[in-house]
Amino acid sequence: MYDGDNEKRTPLRVVDFPRGCAETQRLMPLVLDALRGDDVLRDKCHEVRFHTTLRGSSVVVLVYNRPIDNDKNWKTKAEKLAKELKVVLVGRSSKFRITLNGDAPRVREKLRIAGKDVNLYQLEGEFSQPNGRVCEKMVTWAVERTQSSKNDLLELYCGNGNFTIPMSRNFRKVLATEVSKANTECARENLTANQVKNVQFARLNAKETADALQPDARPFKRLTEAAVDLSSLKLETLFVDPPRAGLEPAAIGLARSFDTVVYVSCNPETLADDVEQLSHTHDITHAAVFDQFPYTRHCEAGVLLKKRSGVDLSTVPEPRAREKKKSKRYAGKRKGKGKGGGQAKKGKVEEAASGGDSGCA
């Protein structure tokens, strides 16, 4: 870890995490002892990641600055460690990932949402909500705000279906879109796991979704592949939980056409800017704050917006693009250059899997 305000990126030594999940606290010293006690596992391991759930399911990720894809000795020792810890263990090196002691690099979660259990897979390396208990409160808030809804729901940035599946109980049909192929596939698995029948997932970004809903839209192959018939939908409610950068102009324009918008945000600054743009057509009728990141300056916020009657969209200013802020983490690095000043290379990550049933509880 690094202190975000330290320009020199001086590493912060983190050997325990008392404010975190009990399972993470249990695993941290055990993994550290295993690395200290084995030269092969420790060799050029520069990062360890933990992904744990309320259910007790765990993934431990060991990241290396050396090739591990052909290292049979490393694999044998890593498999033994995974079984001893009863976790799914993921090994990562340049363009390579291997999953040990599990069928996939993922954890299982069970959330209690508005009186019902929701079972979810969460993928290693893909976005998922970081605080299970607060996530339960946050999703319950969204479900309760839409209890009186009629007709259909559109969701952008749906991820693994964390909000989609619980909210689907309030709607006739749901169309949820997500740009990540891995999370879209995971969301479909979660749909099956919860026996939900009224949701369709499609791999589209926000702009593509907005374009597809235009009257003269071109055909979208991914909608066809997902068997989505837009003409059968009566979309009246929009749910968004965008990245920290907030809504892009196409998403703002799309939101202005909906009667109801439920907006959950991990960045109150971009939320305020987006709400200002939506204030030309909508009013806030409900708001909430969720302390998903305790002991930090960050928080999660949610707003419910209702469209005013008689709004003429032709008189509303065009959505504006937000100025992009350069990440402090990459400040000073030359554009298009990789580590050491060389040209950055792109390529797919090679996948490997080993082991039988998942070690998840």
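This one's a predicted model, so the numbers in the text were calculated from it and none came from an experiment. (Residues numbered from 1 in each chain as written. Predicted model: local features only at pLDDT ≥ 70, side-chain atom pairs only at ≥ 80, totals over all residues. Heavy atoms only, no water.)

Undergrad: Can you tell me about the packing of aromatic side chains, naming the residues and giving the values?
TA: Overall, the coordinates contain three aromatic pairs when judged by the stated rule. Relative to F290, the ring of W141 has its centre 6.0 Å away and its plane inclined at 70°; by these criteria the two rings are edge-to-face. Of the two residues, W141 is situated in helix 4 (residues 132–145) and F290 in strand 12 (residues 282–290); the sequence distance between them amounts to 149 residues. Taken as a pair, W141 and F290 share a single burial class, namely buried. Over the aromatic face of Y295 sits the side chain of R19, whose NZ or CZ is 4.1 Å from the ring centroid. A cation over a ring is seen here: R106 above Y121, with NZ or CZ 3.7 Å from the ring centre. (Phe/Tyr/Trp six-rings, centres within 6.5 Å; stacked < 30°, edge-to-face > 60°. Helix = DSSP H or I, 4+ residues; strand = E, 2+ residues; numbered from the N terminus. Buried < 20%, exposed > 50% of the residue type's maximum accessible area, 1.4 Å probe, protein only. Lys NZ or Arg CZ within 6 Å of the ring centre and 35° of its normal.)

Undergrad: Which residues make up the sheet that holds strand 9 (residues 199–202), and what are the values?
TA: The strand order across the open sheet formed by seven strands is 9-8-7-10-11-13-12, and the pairing between neighbours is mixed. Because the sheet does not close on itself, it has two edges, and the strands there are strand 9 and strand 12. Neighbour-to-neighbour, the strand axes of the sheet open up by a mean angle of 15°, direction not taken into account. One ladder, built from four bridges, connects strand 10 (residues 235–240) with strand 11 (residues 260–265); its direction is parallel. Paired with F239 across the bridge in strand 11 is V262. (Pairing = 2+ DSSP bridges. Axes fitted to C-alpha atoms, helices over the stretch in contact; angles between N-to-C directions.)

Undergrad: Please provide a residue-by-residue account of unusual backbone geometry, values included.
TA: Positive phi, normally seen in glycine, also occurs at N101, with a value near 65°. With respect to the element layout, N101 can be found in the loop between strand 4 (96–100) and strand 5 (106–113). Its identity is not glycine, yet Y295 carries a phi of approximately 65°, on the positive side. Relative to the helices and strands, Y295 resides in the loop between strand 12 and strand 13 (300–307). The exposure class of Y295 is exposed, given its relative accessible area of 67%.

Undergrad: An account of the confidence of the model for the protein chain is requested, with residue identities and associated values reported.
TA: This prediction gives the protein chain a mean pLDDT of 89; 88% of its residues lie at or above 70. Note on residues 329–346: pLDDT under 50 across the span, and twelve contacts to partners over four residues away in sequence or across chains. The low-confidence segment residues 354–361 (pLDDT under 50) makes 29 contacts with residues lying over four places distant or belonging to another chain. (pLDDT = per-residue confidence, 0-100. Contact = heavy atoms within 4.5 Å.)

Undergrad: Break down the pairing of strand 3 (residues 88–93) for me, citing the residues and quoting the values.
TA: In terms of residue burial, strand 3 counts as a mostly covered element, since six of its six residues are buried. Side chains of strand 3 alternate between two faces, with V88, V90 and R92 and L89, G91 and S93 buried alike. Across five bridges, the pairing between strand 2 (residues 58–64) and strand 3 is parallel. Paired with L62 across the two strands is G91, which belongs to strand 3.

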